[in-house]
2 protein chains.
Amino acid sequence: MITKPSDALPPSRLERVLAGEILSPPPVWLMRQAGRYLPEYREVRARAGSFLDLCYDPKLAAEVTLQPINRFGFDAAILFSDILVVPHALGQEVGFTEGEGPRLDPIAGEAALGRLDLSQATKRYERVYETVARVRSTLPRETALIGFCGAPWTVATYMVAGRGSPDQAAARLWAYRDPAGFARLIDLLVESSVEYLAGQVAAGAGVLQIFDSWAGSLPDSELDRWVIRPTVDLLARLRSRGVTVPVIGFARGVGARAPSYLAATGVDAIGCDTAMSRSTMLELARTTAVQGNLDPLVLVAGGDRLDRDVRSLLAAMTGKRHVFNLGHGIVPETPTEHVARLVALIRGERV
Amino acid sequence: MITKPSDALPPSRLERVLAGEILSPPPVWLMRQAGRYLPEYREVRARAGSFLDLCYDPKLAAEVTLQPINRFGFDAAILFSDILVVPHALGQEVGFTEGEGPRLDPIAGEAALGRLDLSQATKRYERVYETVARVRSTLPRETALIGFCGAPWTVATYMVAGRGSPDQAAARLWAYRDPAGFARLIDLLVESSVEYLAGQVAAGAGVLQIFDSWAGSLPDSELDRWVIRPTVDLLARLRSRGVTVPVIGFARGVGARAPSYLAATGVDAIGCDTAMSRSTMLELARTTAVQGNLDPLVLVAGGDRLDRDVRSLLAAMTGKRHVFNLGHGIVPETPTEHVARLVALIRGERV
């Protein structure tokens, strides 16, 4: 078993809930909490070159990872990075245009897989591990550090389409036409993601999250083949390398199919998107920790609606293993005062 | 009660299933079946001016509505039109750019509602009714004619954002910040949609479908407030005007929340998107007719995968009230031979 720096730390509140405890107030962090809604992030972003330069710069990436902790005292920091670091490290061209989203040189079929190089990726990941180590050495002892990757399916949808797409048609069509060829891409992503996550844990990440943002559009058969099975495979390989940290699975948009995802993968917590029914969350909470669900747009709106929705979620999750979070990433338009109020509401502080 | 031309016709196979019969083979039609995958459609489209010109041209719109019936002998024709005819008729500027999707002059808040004019809309709808009447007079007697509109929520998302948007953030945010103002827009859409659908039925539509393409992203509370309640309202007003034709509700992306939608709205059939679980479809089929679910991309892929998925869906729905359809609109890249094969597979014809 790999000994990781975080073994020496007392478990954070997040890790305690992931290990089975019920805590009140629940631990809280926000997806994309190091991001454009923070003026101090925008200041660093302006100093960095490209967005990917920032992801690969251990000093600046560590700085932005810590910003939301310093400002709001969240219970967990999440590594500042992007799910497209993996295809980039593998050798695919990846660029980010302001307001346009990512653009990749598309991988159009099995023949193009030769362009991807696992050993090159392993080397490029080292800068990310350095960021993790820097963050862990600075982070307050009681704050968890979350490492992450995109799930193979979700990363593949970008690699194949060359961009984000509303229906992930390019990857889905490849998978229908040539499942064996598409499986090679998925297997390669599983292998490189295991390497990447194990490296983050060795560098100090105490929790992992797997983002499967585009799981929701798939029919049952494809959800099983391209979301659930690769995640099972990824986790088995991670465990067999001696990585024992808890894993949060976030398969966005799967709704009432989340209990099947949970049963098959055995993740330690389920990320719940905004559209997940309260009844499905409660069903999941019978056997695992649940995280998320608050609409990021309610956090933009603020006011009575924010207070009401936060209190309603807290009330519904009382006595459950609950990690407070949004149902999706915080959006750039979010006023920082609303985030401060959210944290105060959760912690029962005077607001 | 309004006497409609279709009262004189024997019920079509689609109407028989919607009224409670189980038919084998099931009736079949495809969402967006009059569209760009057909060369004869592209030929007419090139002759028409703008896309909206085509929607408002009774002769050409009737011609393209009939094209897929002539070619494939589907059990139902669906009026060729667009859900954005309603905002356009109400006075909002709407344009369609090739490959870009719709662009509208956004309605940014309650103050902008003054721009919308119900009586003007009523007048503009007459050209659509003329299309319906033309189609009905030409359509084989055994073929159903489906009229439709977008559900108020889905239409509002375009009206507010000025375009399609992956997360419908603009409408959702308005609804959080100013539910009373947003409700005025929804009420106005309910009112104009009732008028529009009643007019289509009076002109000869024997079945109606309500497309709520963007229902899936909403949390439970908002699904209830902006999808289910306006649909209940719309149907109640339609019934109180003496419109008794069956209604198919298609709330895309709601997954296991579809039974709640069904119970509240009392629609005569549920449209099932591609991601809907087989188990939810079977649950729905206990009390209503179910329609859809085949992935449009499987129809693009064709081959063994198409055969397998069609047979699997038919087998699962044997003995149920089933209408064969896709889980979403047919895509332009679909080979017409795959559509011919689909119909032959469903009807057990030699392929």
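Computed from a predicted structure; not experimentally measured.

Peer 1: Hey, could you go over the sheet that holds strand β4 (residues 144-150) of chain A for me, with residue numbers and the actual values?
Peer 2: All names here are of chain A. In spatial order, the strands read β1-β4-β5-β6-β7-β8-β9; together these 7 strands make up an open sheet with parallel pairing. Among the strands making up the open sheet, the edge pair consists of β1 (76-78) and β9 (322-323). Where strand β7 (residues 269-272) meets strand β8 (residues 289-292), 4 bridges bridge the pair, whose relative direction is parallel. In the strand pairing of β8, A269 is matched with A289.

Peer 1: Explain the packing of aromatic side chains to me, and be specific about the residues and the numbers.
Peer 2: Throughout the structure, instances matching the rule amount to 22 aromatic pairs over all chains. Centre to centre, the rings of F148 of chain A and F211 of chain A are 5.5 Å apart; their planes meet at 80°, and the pair counts as edge-to-face. With F148 of chain A in strand β4 and F211 of chain A in strand β5 (residues 207-212), this pair connects stretches of sequence that are 63 residues apart. A network of ring pairs unites the aromatic residues Y41, F51, F80 and F96 of chain A as a single cluster. A cation sits over an aromatic face here: R252 of chain A above W214 of chain A, 4.9 Å from the ring centre. The side chain of R225 of chain B reaches across the aromatic face of W226 of chain B, ending 4.3 Å from its centre.

Peer 1: Before we move on, can you summarise the pattern of salt bridges with the specific residues and values?
Peer 2: Applying the stated criterion to the full structure yields 38 salt bridges over all chains. When the shortest N-O distance is used, the salt bridge between E195 of chain A and R241 of chain A registers 3.5 Å. In this pair, E195 of chain A is assigned in helix α9 (residues 179-203) and R241 of chain A in the loop between α10 (220-240) and β6 (247-251), connecting sequence segments 46 residues apart. Residue classification places R241 of chain A among the partly exposed positions, given a relative accessible area of 37%. A salt bridge links D307 of chain B to R311 of chain B, with the nearest nitrogen and oxygen atoms 3.9 Å apart. With D307 of chain B and R311 of chain B both in helix α14 (residues 303-316) and 4 residues apart, the pair spans about one turn of that helix. For D307 of chain B, a relative accessible area of 11% puts it in the buried group. Using a relative accessible area of 48% as the deciding quantity, one classes R311 of chain B as partly exposed.

Peer 1: Could you give an account of the packing of helix α8 (residues 169-177) of chain B against helix α9 (residues 179-203) of chain B, naming the residues involved and the relevant values?
Peer 2: Residue and element names in this part refer to chain B. At a minimum axis separation of 5 Å, α8 and α9 run at an interaxial angle of 125°. Taken together, α8 and α9 sit at an angle that is classed as oblique. Counted together, A171, W174, A175, Y176 and R177 of α8 and P179, G181, F182 and L185 of α9 form the full contact between these two elements. For the contact of α8 with α9, the class distribution of residues is 7 nonpolar, 1 polar and 1 charged.

Peer 1: Explain helix α8 (residues 169-177) of chain A to me, using residue names and the numbers behind them.
Peer 2: Those residues of α8 of chain A not exposed but buried are A171, R172, L173, W174, A175 and Y176 of chain A. On its buried face, α8 of chain A is in contact with α7 (152-161), α9 and α10 of chain A together with α13 (296-301) and α14 of chain B.

Peer 1: Quick one: what's the story with the confidence of the model for chain A, residue by residue and with numbers?
Peer 2: Summing up the model confidence of chain A, the mean pLDDT is 95 and the portion of residues at 70 or higher is 97%. Among the prediction metrics, the complex's ipTM stands at 0.93, with pTM recorded as 0.95.

Peer 1: How would you summarise the environment of Y196 of chain B if you had to cite specific residues and measurements?
Peer 2: Residue and element names in this part refer to chain B. With respect to the secondary-structure elements, Y196 resides in helix α9. Its relative accessible area of 2% is what places Y196 among the buried residues. On a C-alpha basis, the gap between Y196 and V245 in space is 14 Å, while along the polypeptide they are 49 residues apart. Excluding residues within four positions of it along the chain, Y196 makes contact with S81, V85, V86, Y125, V128, Y129, F148 and C149.

Peer 1: Please give an account of the sheet that holds strand β9 (residues 322-323) of chain B that cites residues and values.
Peer 2: All names here are of chain B. If you walk across this open sheet you meet the 7 strands as β1-β4-β5-β6-β7-β8-β9, and the pairing is parallel. Strand pairing shows two members of the sheet lacking a second neighbour, β1 (76-78) and β9, which therefore form its edges. Sheet analysis places strand β5 (residues 207-212) next to strand β6 (residues 247-251), joined by 5 bridges and oriented parallel. By the bridge assignment, D212 is partnered in β6 with A251.

Peer 1: Tell me about the relation of the copies chain A and chain B, residues and numbers included.
Peer 2: Mapping chain A onto chain B leaves a residual RMSD of 0.0 Å; the transformation is a rotation of 180° accompanied by 0.0 Å of translation along its axis. One copy is carried onto the other by what is essentially a two-fold rotation axis. When C-alpha distances to the rotation axis are compared across chain A, the minimum falls at A256 of chain A, with a value of 2.9 Å. Taken as a fraction of all interface residues of chain A, those also at the interface in chain B reach 100%, which identifies the copy contact as same-surface.

Peer 1: Tell me about the pairing of β6 of chain A, and name the residues and values.
Peer 2: Residue and element names in this part refer to chain A. Burial runs high along β6: 5 of the 5 residues are buried. Alternating residues of β6 divide into V247, G249 and A251 and I248 and F250, and every residue in both groups is buried. The pairing of β6 with β7 spans 2 bridges and is classified as parallel. Looking at the pairing, I248 lines up with A269 of β7. Taking the sense of rotation as the criterion, the β-α-β connection linking β6, helix α11 (residues 258-265) and β7 turns out right-handed.

Peer 1: Give me the lowdown on helix α6 (residues 118-138) of chain B, citing residues and values where you can.
Peer 2: All names here are of chain B. Helix length check: α6 (21 residues) gives 31 Å between terminal C-alpha atoms against 30 Å at 1.5 Å per residue, within 8%. The axis of α6 is deflected most strongly, by about 30°, at R127. All of the buried residues in α6 are A121, Y125, V128, Y129, T131, V132, V135 and R136. Each element contacted by the buried residues of α6 is listed here: α4 (58-72), α5 (85-89), β4 (144-150) and α9.

Peer 1: For the interface of chain A and chain B, give the residues involved together with the corresponding values.
Peer 2: At the interface, 24 residues of chain A touch 24 residues of chain B. Surface buried jointly by chain A and chain B totals about 2000 Å² across both partners, of which 58% is contributed by carbon and sulfur atoms. Among the residues chain A hides against chain B, the three largest losses belong to Y176, L297 and R305 of chain A. Together they make up 29% of the total. Along the contact surface separating chain A from chain B lie 4 salt bridges.

Peer 1: Run through unusual backbone geometry, naming residues and quoting values.
Peer 2: Here the bond from S24 of chain A into P25 of chain A is cis, since omega is -5°, no more than 30 degrees from zero. The backbone of R32 of chain B shows a phi angle near 60°, a positive value even though the residue is not glycine. With respect to the helices and strands, the residue R32 of chain B is situated in the loop between α1 (13-18) and α2 (39-47). Phi at N293 of chain B takes a positive value of approximately 95°, unusual for a residue other than glycine. Inspection of the secondary structure puts N293 of chain B in the loop between β8 (289-292) and α13. Residue classification places N293 of chain B among the buried positions, given a relative accessible area of 8%.

Criteria and cut-off values
- Residues numbered from 1 in each chain as written.
- Chains lettered and ligands numbered in written order.
- Predicted model: local features only at pLDDT ≥ 70, side-chain atom pairs only at ≥ 80, totals over all residues.
- Heavy atoms only, no water.
- Pairing = 2+ DSSP bridges.
- Helix = DSSP H or I, 4+ residues; strand = E, 2+ residues; numbered from the N terminus.
- Phe/Tyr/Trp six-rings, centres within 6.5 Å; stacked < 30°, edge-to-face > 60°.
- Lys NZ or Arg CZ within 6 Å of the ring centre and 35° of its normal.
- Salt bridge = Lys/Arg side-chain N within 4 Å of Asp/Glu carboxyl O.
- Buried < 20%, exposed > 50% of the residue type's maximum accessible area, 1.4 Å probe, protein only.
- Axes fitted to C-alpha atoms, helices over the stretch in contact; angles between N-to-C directions.
- Parallel < 35°, antiparallel > 145°, perpendicular 65-115°, else oblique.
- Contact = heavy atoms within 4.5 Å.
- Nonpolar A, V, L, I, M, F, W, Y, C, P; charged D, E, K, R; others polar.
- pLDDT = per-residue confidence, 0-100.
- Least-squares fit on C-alpha atoms with pLDDT ≥ 70 in both.
- Right-handed = clockwise from strand over helix to strand, strands pointing away.
- Expected span 1.5 Å × (residues − 1).
- Bend = angle between axes of the 7 residues up to and from the residue.
- Buried area = accessible area lost by both parts, 1.4 Å probe.

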